[in-house]
Each structure stands twice: as C-alpha cells, then as structure tokens.
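# Remarks on the overall topology
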Amino acid sequence: MLTRRMFHTRLVAALAAGALPLATRARAAAPATDDLWLNRLTFGASPAARAEIAELGREAWLDRQLTLRPEDDVALSERLARARLRIAYDAGEDDIGRWEARDELRPLSFLSAEPEAIVPLLEWQPGRAMEYSERMRPAQEVIAAALIRAVHAEAQLREMVTQFWHDHFNVNSEKDHTTAAPFALYDRSLRAHALGNFRTLLGQVASAPAMLSYLNNADSRASPANENFARELLELHTLGAGNYLNDRHSDWREVPGATEGLAAGYLDLDVYEVARAFTGWSVGDGRWLAEGEEAPRTGRLHYVARWHDPYQKRVLGREFPPNRGPLADGEEVLDILARHPGTARFVCEKLARRFLSDDPPAGLVQRMSETFLAQAEAPDQIARVIRVLVLSPEFAAPPSKLRRPFEFLAAIYRATGAEVTATENGFHWQLGRAGWLQHSYGPPTGHPDRIEAWTGASTLNRMVDLAISGFEDWFGTAAADLARPVGDAATVGAFAAQHADALAPGQGEGIAADLARAFGIDSAAPLDAISPEDRRGLGQSAVAFAALTPEFLLR
C-alpha cells in the first residue's frame, strides 16, 4: 500500500509546503492538563501513565515521581539485566599485545560494576592488550540503556531530570577511553542525586573520574594549573556566563560584594584561583605520579598532595589560608558556588527552560531561586525546586517546547507501547544525523535547549526519518504491533485515527483524513479488506503523521 520512499517524499513535500503541520495547527486544541504534565515531566504520555495520573491525581502523581528511587523500579532493573549489546571486532595487536576476534552479544554489566572494575580498561601495559572498543564499552552500554530507561522507566521524572543534568554537567563519553571507561559510574551518580541536594550533586560531579578526565583536571598540578574545569565550573555548572564580569571590572575589589566576602560575579582572576584550588584532584587509575609512585587502582577520585598548589588563594572575595588539608580548597569552592544566589538563578532558569518554555517568566524563576537558596541544606532540595515549578500557575501555559530528537523518538515508542529491543546502538547514529549525540556531545555546553536550534531543514528532515523508520526491522531498535487495531476500529479510517490519537489525542480523525487525501486511501473501506502487512504500513504512516503535528512535536 505505502512504501517508505513514497511516504517520506510526500510527507517532506507536505511539510515544505506548510500543509503539515500548519494545516493541523488550525484545528489543534489545548491538551488536557494530565497530558500537559506527562509531556513535560516524562519522556512522553503513554496509556499506562495516563491511567496512573488519572487515578492518583496530578499532585499525588508528582509527589510519587519526586520520591521514586532508581532501585524501586524492579521491572526496569530486570529489563536492563535482560538487555544485550553486540560487540564485534577483528583480531589484532598493538605494542602491548594481541587480542582475538569477537562477535557476541553481552549483558550491560558495566551499568552496575564497581569503580575498581573499570581500571583495567584504563591501563596500557603488557597483559592489558585489548581492542579499543573494549575500553569504550561502558559508555556504549550507558547509551543503550538510555533509550530503555526513557521508554520503560517508572521513575520518568527522575530520568528526565537525569537527562537535564547530563546536559548541564556535560561529559562527552566518546572523547576517549578515559571518559568512556568511567562513564557508567558518572551516569549512575547523576541519576542517584538528580532530585537530591545540589551541593552533594556538584561534589559528585567535581570528583567524578569521567569529568576530571573530560576537562583535563586529572593531570592538573601547580604552576600552572589547568583552567578547563575551573572555567566550566563557573560558567556552565554554577554562576553562568551572565555573571562573568571581566568586561566590567578590572579589579576584584570593584565587584559588588567582593570586599564583604561574596562577589556577585566572577573575573578571570577567580578562574585562575579556582583552578589552583582543584590542583591534585586526579583519578585512581594506576597512573605514574613520581619516581616509584603510582596512583592506587580504585577507579575513584585520587588526591595527589604533591600536585596541589598549597598557597593562599582568593575566590569571589573569600580568602583561603595556605597549607590546608586534602581537598579542602576545592571543597570550599564548591560550598561557595552551590549556595551562591547567582547559581540559584542560573540553575533555576535552566530548569524552567527545560521543563516549561524557552523564556520562562522572571517571577517564576525568582520563586524557584528563593526555594533553591532556602532549601540549600535539604536532602531533596532539587525536588522541592521542581515542585515549585510544576505547581505554579505559569506551568499551565500552552505547549511551546519542541521535543528534541532523543525525546521525540522515546515519546513515539511510549505512545505506541513499543518494546525497546535494540542489540546494537544504531539508533544512536540515526539520532546523530538529527543533531542529537546522546552522551557524546562534544562541547561542554551540552545540547542546546532553545527551539531555533532544532528547526533547521536538515534536523526536521531527519525527524521525519525517525518518525517513519523507528519501527522498521532495519532500524533495529523497537517493536510494536502496529497492524493491530488500538480499539474497535472497523474501517481503514478509524484504524488510522486510533493510531494517530495515541500520539495526538483528539486529532486522529483529522490526521486520518490528511492521510487519506495524501495517499488516495478510501477511509470507509472495511479494515479486513487490507492485508496485515498493509495494515502495519498504514499504522506506521498514521503514527508518523501524528508525530509530526504540533500536538506531538510541542510539549
């Protein structure tokens, strides 16, 4: 009935002509509040999620989502334990030895591995020869698990916030083996603390081997210190570029608040001083430290006292005395930054941008910031801030955030009840064509989070591909029975409408009519008059049309 090439060509033409989704926009209705919440706070509304939020009520549903722990989801743990990911390579050798060829499906064992288990992947010495993909394996397992979690996790809000922190504290897991090998530990830490205390989370990030390697702090030592981590800590992780005041002040004493011990913003001088504070924060990976001295093989943060700059420092107007104990300088920097009003505003605005709108209301950000600071010692500080956001009057605003490619694909799978079945990370490559590099975005900024970054012709064309191809066998990612009627459909038109309604409730009939016009389908024809193969093609087409409407694209 409908070939993929025919469907893609006609749908792209419809998009280019503005017939879809602009024609659909005219009949778009505001989503029900339950769906508004589900689309903003989960990776997409699903039949099960709709039933749960209707049964509990929105606020009780929110409270449950804010308190669900990763270990509470037994079904997800079992699903991850069953998952397999292929690893394949030819036999080979390098200067430390040889390895045999491999082509096998392996469990995602690094997701739960202890830190010590990753150390062999970091060592380059006789007896440790291995093909490079073995050293990169933990990162590949996290990428594979990311889609499983997004589609199937019960703690959907925690997964959404974990994804937020992955962008906020971005680490390119595919930079090299020094970021890939410890990346499962990093992902696990972000998830565990995603809704917890920001100072605790910040400390976990600053001491994570993946971050220390990504921003080159693992080799930083006195005279001169490496500034990469220090600059991103201030600009991207805490105060934000808006509080960089080097263009306004040439002397630290000129910065408001500095002479009282808490500068309102930071200068290049603060970057240098923060870099000095973190010298010696390295990784326990057996590395050479000095003649006759190696780092322990713990796979964790290792403090190298001989590398630390012990002299006095000044950060944001705060004086640090010399010759302090291990980690003390860096820990105090984190204390200052985690409780700084500038950090509160920057982080809360980014949270509101991710979960509400590109330009969140200033009053809402202010209320969130006040809660952030007032609850600075609370173990659930971040959850309390999100609660302020979600229960605010502003959260009822119409959808305006465009789903980015990863959540777009996950939302399609959730709406259709698909099972993630991938044994290779082909979806990762497909998402990359749309500009989304799950856990492997190069710059430390993380993926952009404004609509203009995701509406280029190339990106939208790739989104069309995802909508069309996501259920194809060759895509190799998920399975859903799209030949089966969602309800009691007796006609071709009703069948298409029900599949479309699963993604864009209330829009099914109009989408079915668009589909019939585009492809010359008789909507009144009895469903049993077409083959199961054609029903599957029609179901896929209805899902793809619905996925590219404003009702689904926007959340």
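Described in the following lines is the structure provided in the data block. (Residues numbered from 1 in each chain as written. Predicted model: local features only at pLDDT ≥ 70, side-chain atom pairs only at ≥ 80, totals over all residues. Heavy atoms only, no water.)

Next up on the list: the packing of helix α14 (residues 228-237) against helix α15 (residues 268-277). Between α14 and α15, the shortest axis-to-axis distance is 8 Å and the interhelical angle comes to 125°. Judged on the interaxial angle alone, α15 and α14 are oblique. For the pair α14 and α15, the sense of crossing is right-handed. Taken together, the residues of α15 that come into contact with α14 (itself represented by A230, R231, L233 and L234) are D268, D270, V271, V274 and A275. By residue class, the composition of the contact of α14 with α15 is six nonpolar, no polar and three charged. (Axes fitted to C-alpha atoms, helices over the stretch in contact; angles between N-to-C directions. Helix = DSSP H or I, 4+ residues; strand = E, 2+ residues; numbered from the N terminus. Parallel < 35°, antiparallel > 145°, perpendicular 65-115°, else oblique. Left-handed = near helix turned anticlockwise from the far one by under 90°. Contact = heavy atoms within 4.5 Å. Nonpolar A, V, L, I, M, F, W, Y, C, P; charged D, E, K, R; others polar.)

Below, the discussion takes up the packing of aromatic side chains. Counting across every chain of the model gives 17 aromatic pairs. When the ring of W165 is compared with that of F198, the centres are 5.9 Å apart and the planes differ by 45°; the resulting orientation is tilted. Residue W165 is found in helix α9 (residues 156-168), and its partner F198 is found in helix α12 (residues 198-206); the two are separated by 33 residues along the sequence. Neither W165 nor F198 differs from the other in exposure class; each is buried. By the ring-pair criterion, three or more aromatic residues cluster together here, those being F164, W165, F169, F198 and F372. Above the plane of the ring of F395 lies R40, whose end atom (NZ or CZ) is 5.2 Å from the centre. Between the NZ or CZ atom of R403 and the centre of the ring of F552, over which it lies, the distance is 4.5 Å. (Phe/Tyr/Trp six-rings, centres within 6.5 Å; stacked < 30°, edge-to-face > 60°. Buried < 20%, exposed > 50% of the residue type's maximum accessible area, 1.4 Å probe, protein only. Lys NZ or Arg CZ within 6 Å of the ring centre and 35° of its normal.)

One finds W165, Y186, M211, F278 and F408 to be the most contacted residues of the largest nonpolar core, which totals 163 residues. Here the element with the most residues in this core is helix α8 (residues 132-152); it accounts for eleven residues. Once residues lying within four places of it in the same chain are set aside, the contact partners of F408 are R403, M463, L466, A467, A547, L548, F552 and L553. (Core = buried A, V, L, I, M, F, W, Y, C linked by side-chain atoms within 4.5 Å.)

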